[in-house]
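Spelled out from the first residue to the last, the chains are:
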Amino acid sequence: MSIIIKDAAGIAAMREACRLASEVLDAITPHIRPGITTLEIDRLAAQHMQQQGTRSATIGYQPPGYPPYPGHVCTSVNHVVCHGIPNERPLKKGDVLNVDVTVIKDGWFGDTSRMFELGECSVAARRLNRLTYEAMWLGIMQVRPGARLGDIGHVIQKFAEGHGLSVVREYCGHGVGQSFHEDPQVLHYGKAGTGEELEPGMIFTIEPMINLGRRDVKSLGDGWTVVTKDHSLSAQWEHSVLVTPTGYEVLTLSAGSPPPPDFVKA
């Protein structure tokens, strides 16, 4: 692996890019209610990026074998696991939505996502969202110098499967900095004590995708949208995390970020 260790200037630039990405989510949160379309959410996000002096990393993004991605953000509804394309279908009461934002600020990429519940959601949907959020934070809490990447995946998998949920294997977290996707890959399953050793200055995302049903997924014909094969609900939360000399720093926090679970603050 060719993992890029960020210096003090790079860390400062990433703090700003990541905070700005989170502030895009803050800006759109009041508008996310039944009746809005994901295309309108995309427009509002793009408008806020322009106001803050960032640009979207996803619009026109085209890795090998993919068509250009057409949205400023990814909007994944209900059984869509990731990479949902904004469209004109109004969201309805009871839907769950993930909005995934990556902005570029002065050449640095800030990457984060949140779940939203529209109106009164089912008990199962609320539970899935809460447990996925807790799983992400349990993974974050493993981050410190000398720990291994496998420690992150192991604790997330053990927690999710212990609650009868399943972890998507095909997509993972990743290093982030002056490129959208860098080494290392951060799996959300695995064995403790394995994988790359963490060092101060590493920055990567932790972004578990957890399903209410089976873990199997499939891609749709648009080349981007990924859904659960059994049409069960899926949830994802994402933070970008810095390895510090003594532990971790979550870079994608802003004034409107949901608070960490009580077990983190304890």
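Residues numbered from 1 in each chain as written. Predicted model: local features only at pLDDT ≥ 70, side-chain atom pairs only at ≥ 80, totals over all residues. Heavy atoms only, no water.

Bringing the overall build of the chain into the picture now. Across its full length, the chain holds five helices and 15 strands. Its C-alpha atoms give the chain a radius of gyration of 17 Å, near enough to 18 Å, the size a compact globule of 266 residues would have. By residue count, 56% of the 266 residues in the chain fall in the buried class. Put simply, of all contacts in the chain between residues at least 6 apart along the chain, 71% involve residues at least 24 apart. For the chain, the distance from the average position of its 24 positive side-chain charges to the average position of its 29 negative side-chain charges is 6 Å. (Helix = DSSP H or I, 4+ residues; strand = E, 2+ residues; numbered from the N terminus. Rg over C-alpha atoms; globule rule 2.2 N^0.38 Å. Buried < 20%, exposed > 50% of the residue type's maximum accessible area, 1.4 Å probe, protein only. Contact = heavy atoms within 4.5 Å. Lys, Arg positive; Asp, Glu negative; His and termini not counted. Charge placed at Lys NZ, Arg CZ, Asp CG, Glu CD.)

Another aspect to go through is the pattern of salt bridges. The final tally for this structure, using the stated rule, is twelve salt bridges. A salt bridge links R15 to E249, with the nearest nitrogen and oxygen atoms 2.8 Å apart. Remark: E249 occurs in strand β15 (residues 248-250) and R15 occurs in helix α1 (residues 8-28); sequence separation between them is 234 residues. Judged by relative accessible area, which is 39%, R15 ranks as partly exposed. Take E249: its relative accessible area is 24%, and that puts it in the partly exposed class. (Salt bridge = Lys/Arg side-chain N within 4 Å of Asp/Glu carboxyl O.)

Another point: the packing of aromatic side chains. Summed over all chains, the structure comprises seven aromatic pairs. Between Y61 and W224 the ring centres are 6.3 Å apart and the planes differ by 40°, which places this aromatic pair in the tilted class. You can see Y61 sitting in the loop between β1 (55-56) and β2 (74-77) and its partner W224 sitting in the loop between β11 (217-219) and β12 (226-228), a full 163 residues away along the chain. For Y61, a relative accessible area of 26% puts it in the partly exposed group. Classification of W224 as buried rests on a relative accessible area of 7%. Here the aromatic rings of Y66 and W224 are separated by 4.6 Å at their centres, their planes lie at 40°, and the arrangement is tilted. (Phe/Tyr/Trp six-rings, centres within 6.5 Å; stacked < 30°, edge-to-face > 60°.)

Below, the discussion takes up the nonpolar core. V143, I152, L198, F204, I206 and I210 are the most contacted members of the largest nonpolar core, which totals 36 residues. It is helix α3 (residues 123-140) that contributes the most residues to this core, nine residues altogether. In this structure, V143 is in contact with I152, L198, F204, I206, V241, L242, V243, G247 and Y248, ignoring residues within four places of it in sequence. Counting residues in each nonpolar core, the second largest holds 20 residues, with L20, L25, M49 and V103 among its members. (Core = buried A, V, L, I, M, F, W, Y, C linked by side-chain atoms within 4.5 Å.)

Time to look at the side chain of T38. One can find T38 in helix α2 (residues 38-52). There is a polar contact of 2.8 Å between the side chain of T38 and the backbone nitrogen of N87. Excluding residues that lie within four positions of it along the chain, T38 makes contacts with T75, V77, I85, P86, N87, R89, L91 and L97. (Polar contact = N/O pair within 3.5 Å; in protein donor to acceptor, adjacent residues only side chain to side chain.)

For α2, spanning 15 residues, the distance from its first C-alpha to its last is 21 Å, which sits close to the expected 21 Å at 1.5 Å a residue. All of the buried residues along α2 are T38, I41, D42, L44, A45, A46, H48, M49 and Q52. Summarising the contacts, the buried residues of α2 are in contact with α1, β1, β2 and β4 (96-105). (Expected span 1.5 Å × (residues − 1).)

This paragraph deals with the environment of A57. Tracing the sequence through the fold places A57 in the loop between β1 and β2. Residues in contact with A57, not counting those within four places in the same chain, are T102, V103, I104, F109 and F180.

Our focus in this paragraph is helix α4 (residues 149-162). Taking 1.5 Å per residue as the helical rise, α4 with its 14 residues ought to reach 20 Å, and the 20 Å between its terminal C-alpha atoms agrees with that figure. Every buried residue of α4 is listed here: L149, G150, D151, I152, G153, V155, I156, Q157, F159 and A160. Each element contacted by the buried residues of α4 is listed here: α3, β6 (166-167), β8 (182-186), β9 (203-206) and β10 (209-211). Count one or two residues on from α4 and you reach G164, which has phi positive near 75°.

Pairing between the strands of a sheet comes from backbone hydrogen bonds, and it takes one of two forms, parallel or antiparallel. Overall, antiparallel pairing links the three strands, which are arranged β3-β12-β11 in an open sheet. Each edge of the open sheet carries a strand with a single partner, namely β3 (80-82) and β11. The average angle at which neighbouring strand axes cross in this sheet is 40°, direction not considered. Pairing of β3 with β12, which is carried by two bridges, proceeds in the antiparallel orientation. Pairing of V80 across the sheet is with V227, part of β12. (Pairing = 2+ DSSP bridges. Axes fitted to C-alpha atoms, helices over the stretch in contact; angles between N-to-C directions.)

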